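Residue-level structural notes
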Amino acid sequence: MLYKRDYTLLTDEERRGWDRAEKMIRSKTEFSASDMVAYGNTMPSAGWYYMQLFPNNYLFPDELKDRERLCGAKEGLLRILDDPQAGEREILNFVRDNEYYFLVGSLFLRFDFGHHEAFLFREFPLGTEHVADYLLVGKNSGGYEFVFVEFESPRGAITTRTGDFGDAIRKGISQAKDWSRWLDANFPTLHTRFERALGRHRPDLPKEFYKSDRSRRHYVVVAGRRADYNEKTYALRRELAKENGILLLHYDNLLDSLDELAGRRNY
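All figures in this text were calculated on a predicted structure; none of them were measured in a lab. (Residues numbered from 1 in each chain as written. Predicted model: local features only at pLDDT ≥ 70, side-chain atom pairs only at ≥ 80, totals over all residues. Heavy atoms only, no water.)

1. So, the overall build of the protein chain
As a reminder, the rule being used: Secondary structure elements are taken from DSSP: a helix is a run of H or I of four residues or more, a strand is a run of E of two residues or more, and numbering for both begins at the N terminus. In this treatment the radius of gyration is a C-alpha quantity, and the globule benchmark scales as 2.2 Å times the residue count to the 0.38 power. Whether two residues touch is decided by their heavy atoms; if any such pair falls within 4.5 Å, the residues are in contact. Per-residue accessibility takes into account occlusion by the displayed protein chains alone, with areas from the Shrake-Rupley method and a 1.4 Å probe. Counted as positive: Lys and Arg. Counted as negative: Asp and Glu, with His and the chain ends omitted from the count. To locate a charge, take atom NZ for lysine, CZ for arginine, CG for aspartate or CD for glutamate.
When its secondary structure is counted, the protein chain shows 10 helices and 5 strands. For a compact globule of 267 residues, the expected C-alpha radius of gyration is about 18 Å, and the protein chain comes in at 20 Å, within 12% of that figure. With the C-alpha coordinates of the protein chain rotated into their principal frame, the extents come out at 65 × 40 × 30 Å. Within the protein chain, contacts between residues at least 6 apart in sequence are counted, and of these 70% link residues at least 24 apart. A total accessible area of about 13300 Å² is found for the protein chain, and carbon and sulfur atoms account for 46% of it. When the 41 positive and 43 negative side-chain charges of the protein chain are each reduced to one mean point, those points stand 2 Å apart.

2. Side note on the sheet that holds strand β2 (residues 130–140)
Sheet strands pair by backbone hydrogen bonding; their relative direction is either parallel or antiparallel. Worth spelling out the cut-off: Two strands form a pair only when DSSP identifies at least two bridges running between them. Working convention: axes come from line fits to C-alpha atoms, limited for helices to the stretch in contact. Angles between N-to-C directions cover 0 to 180 degrees.
Strands sit in the order β1-β2-β3-β4-β5 across an open sheet of 5 strands; the sheet is mixed. Of all strands in the sheet, those bounded by a partner on one side alone are β1 (117–126) and β5 (246–249). Across the sheet, the mean angle separating the axes of adjacent strands is 25° when strand polarity is ignored. Where β1 and β2 come together, 9 bridges link them in antiparallel fashion. For Arg-122, the partnering residue across the bridge sits in β2 and is Tyr-134.

3. As for the environment of Arg-181
For the record, the criterion: When accessible area is computed with a 1.4 Å probe and restricted to protein chains, residues below 20% of their type maximum are described as buried, those above 50% as exposed, and intermediate ones as partly exposed. Two N or O atoms form a polar contact when they lie within 3.5 Å of each other; inside protein one atom must be a possible hydrogen donor and the other a possible acceptor, and for residues adjacent in sequence the pair counts only when both atoms belong to side chains.
If you trace the backbone, Arg-181 turns up in helix α7 (residues 167–186). With a relative accessible area of 52%, Arg-181 lands in the exposed category. Among the polar contacts listed, one links the side chain of Arg-181 to the side chain of Asp-178, at a separation of 2.5 Å.

4. Observations concerning the packing of helix α4 (residues 67–81) against helix α5 (residues 88–98)
Stated formally: Roughly parallel covers angles under 35 degrees, roughly antiparallel covers those over 145, roughly perpendicular covers 65 to 115, and oblique covers all other angles. Less than a right angle of anticlockwise turn of the near helix away from the far helix marks a crossing as left-handed, whereas a clockwise turn marks it as right-handed. When residues are sorted by character, Ala, Val, Leu, Ile, Met, Phe, Trp, Tyr, Cys and Pro go into the nonpolar class, Asp, Glu, Lys and Arg into the charged class, and all the rest, Gly among them, into the polar class.
Orientation of α4 relative to α5, taken along the N-to-C sense of each, is 155°, at an axis distance of 10 Å. Taken together, the axis directions place α4 and α5 in an arrangement best described as roughly antiparallel. The interaxial crossing formed by α4 with α5 has right-handed handedness. Listed contacts from α5 to Arg-69, Gly-72, Ala-73, Gly-76, Leu-77, Ile-80 and Leu-81 of α4 are Glu-90, Ile-91, Phe-94 and Asn-98. Its residues assigned to classes, the contact of α4 with α5 shows 6 nonpolar, 3 polar and 2 charged.

5. Section: the pattern of salt bridges
We count it as follows: Salt bridge, as used here, is a side-chain nitrogen of Lys or Arg placed within 4 Å of a carboxyl oxygen of Asp or Glu.
Scanning the model with the defined rule gives 18 salt bridges in all. For Arg-170, the salt bridge goes to Asp-167, with nearest N and O atoms at 2.3 Å. Separated by 3 residues within a single helix, Arg-170 and Asp-167 lie in helix α7, roughly one turn from each other. The partly exposed category is assigned to Asp-167, whose relative accessible area is 48%. Connected via shared salt-bridge partners are Asp-82, Arg-225 and Asp-252.

6. Some words on the packing of α4 against helix α10 (residues 251–261)
α10 packs onto α4 with a crossing angle of 170° between their chain directions and a minimal axis gap of 10 Å. Considered as vectors, α4 and α10 are oriented roughly antiparallel to each other. Regarding α4 and α10, the two cross each other, and that crossing is left-handed. Contacts from Leu-70, Ala-73, Lys-74, Leu-77, Leu-78 and Leu-81 of α4 reach α10 at Tyr-251, Leu-255, Leu-258, Asp-259 and Leu-261. Here the contact of α4 with α10 is composed, by residue class, of 9 nonpolar, no polar and 2 charged.

7. Considerations on the pairing of β1
Across the 10 residues of β1, 7 count as buried, placing the element largely inside the fold. Between β1 and β2, which pair antiparallel in sequence order, lie 3 residues; one of them, Gly-127, sits at a positive phi of approximately 65°.

8. What about helix α1 (residues 12–26)?
The criterion, for reference: Multiply 1.5 Å by the residue count of a helix minus one, and that product is the helix's expected span. Directions from the helix axis toward the C-beta atoms define the arc.
Compared with the 21 Å implied by 1.5 Å per residue over 15 residues, the 21 Å span of α1 between its first and last C-alpha is a close match. Among the residues of α1, Glu-14, Gly-17, Trp-18, Ala-21 and Met-24 are the ones counted as buried. The arc that holds every buried residue of α1, seen down its axis, measures 120°, which confines them to one face. Away from the buried face of α1 by more than 90 degrees, exposed residues Asp-12, Arg-20, Lys-23 and Arg-26 are located.

Next comes the structure, spelled out in structure tokens:
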């Protein structure tokens with residue numbers, strides 16, 4: 001679970017709002033724009049989570065309307081990045097403790113899915129051997145796709161003087177490659193983890209969650225700051241994406257994405 005409350009359960013008041021919204025759907029054969037507004041006003045916010053495939057992992061787009069919260073996330077992340085004593089663990093804790101999951105969700109801006117449905121799993125285990133910091137699951141008209149994410153240090157041995165990858169980046173790349181090999185052999189075994197997260201009224205997993213398809217799997221490593229990267233680093237980054245399907249980003253890319261999210265209504 002991502003959140004402090006369990007969205008597979010509704011309070012009595014939320015259930016009454018949910019029932020009213022559902023009755024509105026059943027009474028209509030076609031929806032006008034005003035009908036959709038009325039439906040949105042009738043549905044309790046918890047109901048939007050409740051109706052999802054994975055209620056407790058849902059990234060609710062309405063969070064992106066809270067500009068003050070988006071700014072707070074950006075300012076807090078900047079403070080951590082500017083703290084010479086802070087590392088990736090402080091960033092992960094900051095996201096978890098404040099439920100700033102849209103910060104990770106901003107990675108969807110790098111892909112062409114997630115705008116239909118967007119979910120996030122934290123500390124996602126791959127067997128007993130590996131754990132991804134995050135798993136993003138997004139949907140477009142072609143179905144669901146998966147992004148496995150590793151946060152590495154924002155400082156330290158990020159790159160060498162010549163712009164080659166340093167220890168932090170190489171460590172993240174090595175982990176992503178390990179995940180890829182593991183998933184090639186074991187992806188269908190993850191269905192039990194996904195089934196445990198299903199909503200109560202969504203009993204069946206779509207086929208993408210138990211049928212292995214490499215084209216639906218993606219990998220992201222976040223390490224260092226913009227100042228650590230030079231022309232050679234960016235060339236190596238392009239090669240990494242092309243040859244290994246691993247997207248390498250720095251933390252300033254996340255800050256930029258938060259700015260972009262502030263102007264959007266969806267991931």
